[in-house]
Amino acid sequence: MTVHPIRSIGDPVLRQRAVEVPLDQIAASETQTLIDDLIDTMRAADGAGLAANQIGALQRVAVMEVHDNLRYPYKSPIPLTIAVNPVIEAMVDAEGVPETVLINEGCLSVPLRGEVRRHVTVRVRYRDRRGIEHEQIERGLTAGTWQHECDHLDGVLFVDRVDDPATLATWDEYAFHHRAAFVERITAFEERFRS
Ligand code: ZN
């Protein structure tokens with residue numbers, strides 16, 4: 001159980017593609033320790049998710065968890081999820097078009113926030129820490145979190161996907177100029193996915 005320093009944008013490890021964990025290695029102590037360290041580091045940093053690259057490991061493992069998150073208080077809850085070898089696929093609507101939404105994102109590896117267009121509905125397939133296969137549909141901000149974490153495993157950062165660089169802001173400037181409008185818009189959007 002170790003809280004690691006989180007790598008920052010500019011560190012080449014964030015730009016490398018992480019490799020699949022061989023199925024017979026999921027139970028190995030190195031993989032299990034990586035998972036525990038990702039959880040501890042994510043929680044210590046109040047993150048909603050963390051990918052292995054962000055602590056310098058190049059295995060395809062990411063963790064996510066949201067309960068009353070301090071960094072992202074508008075996010076819907078995500079139970080603690082360990083995604084080994086996740087694969088993500090955009091779902092399309094009746095017209096065959098993938099619906100998208102602009103999400104103001106942050107990242108523990110980037111000291112800025114910015115608006116990123118994400119798919120609203122995705123199908124995710126992954127293994128958990130016991131190697132059990134899961135397939136599920138995720139929607140809204142939770143779908144955005146999955147896309148953000150899977151991007152990390154491909155060496156992609158949210159800043160790469162910001163359409164309009166003018167939306168980039170420090171956390172302080174976001175809070176002062178942009179937070180109220182974003183939270184109002186995204187809270188109304190998330191209502192669709194609450195049962
Ligand atoms: Zn991130």
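Here, the structure is the one placed above.
Predicted model, so just to flag it, every value in this text is computed and none were measured.

### Observations concerning helix 1 (residues 29-44)
Here is step 1: Under the 1.5 Å per step criterion, the end-to-end length of helix 1 is 22 Å for 16 residues, consistent within 8% with the ideal 22 Å.
Here is step 2: Buried residues belonging to helix 1 abut strand 1 (49-51), strand 2 (61-66) and strand 3 (78-90).
Here is step 3: Two residues or fewer past helix 1, Asp46 is found with a positive phi of approximately 55°.

### Here's the deal with the sheet that holds strand 1
Here is step 1: Taken together, five strands build an open sheet; the order of strands is 1-2-3-6-7 and the sheet is antiparallel. Pairing within the sheet leaves two strands with one partner each, and these edge strands are strand 1 and strand 7 (133-139). Averaged over all pairs of adjacent strands, the angle between strand axes in this sheet comes to 40°, irrespective of strand direction.
Here is step 2: The pairing of strand 2 with strand 3 spans five bridges and is antiparallel. Within strand 3, the residue paired with Val66 across the bridge is Ile78.
Here is step 3: Sheet contacts for helix 1: strand 1, strand 2 and strand 3; angle to strand 2, the most-contacted strand, approximately 40°.
Here is step 4: The strands touched by helix 2 (residues 140-153) are strand 1, strand 2, strand 3, strand 6 (121-127) and strand 7; relative to strand 3, the strand with the most contacts, the crossing angle is about 70°.

### A few points about the side chain of Ser109
Here is step 1: Inspection of the secondary structure assignment puts Ser109 in the loop between strand 4 (100-107) and strand 5 (110-119).
Here is step 2: Here Gln54 takes part through its side chain, which lies 3.0 Å from a polar atom of the side chain of Ser109.
Here is step 3: In this structure Ser109 touches Ile6, Arg7, Ser8, Ile9, Leu14 and Gln54, once residues within four positions along its chain are discounted.

### Brief notes about the pattern of salt bridges
Here is step 1: Applying the stated criterion to the full structure yields 20 salt bridges.
Here is step 2: Note that Glu20 and Arg60 form a salt bridge whose closest N and O atoms lie 3.7 Å from each other. Here the residue Glu20 occupies a position in the segment before helix 1, and Arg60 occupies one in the loop between strand 1 and strand 2, the gap between them amounting to 40 residues.
Here is step 3: Arg60 gets classed as buried once you look at its relative accessible area, which sits at 5%.
Here is step 4: With a closest N to O distance of 3.5 Å, Arg185 and Glu115 form a salt bridge. Taken together, the residues Arg185 in helix 3 (residues 171-190) and Glu115 in strand 5 connect sequence positions 70 residues apart.

Quick notes on the rules
Residues numbered from 1 in each chain as written. Predicted model: local features only at pLDDT ≥ 70, side-chain atom pairs only at ≥ 80, totals over all residues. Heavy atoms only, no water. Helix = DSSP H or I, 4+ residues; strand = E, 2+ residues; numbered from the N terminus. Expected span 1.5 Å × (residues − 1). Contact = heavy atoms within 4.5 Å. Pairing = 2+ DSSP bridges. Axes fitted to C-alpha atoms, helices over the stretch in contact; angles between N-to-C directions. Polar contact = N/O pair within 3.5 Å; in protein donor to acceptor, adjacent residues only side chain to side chain. Salt bridge = Lys/Arg side-chain N within 4 Å of Asp/Glu carboxyl O. Buried < 20%, exposed > 50% of the residue type's maximum accessible area, 1.4 Å probe, protein only.

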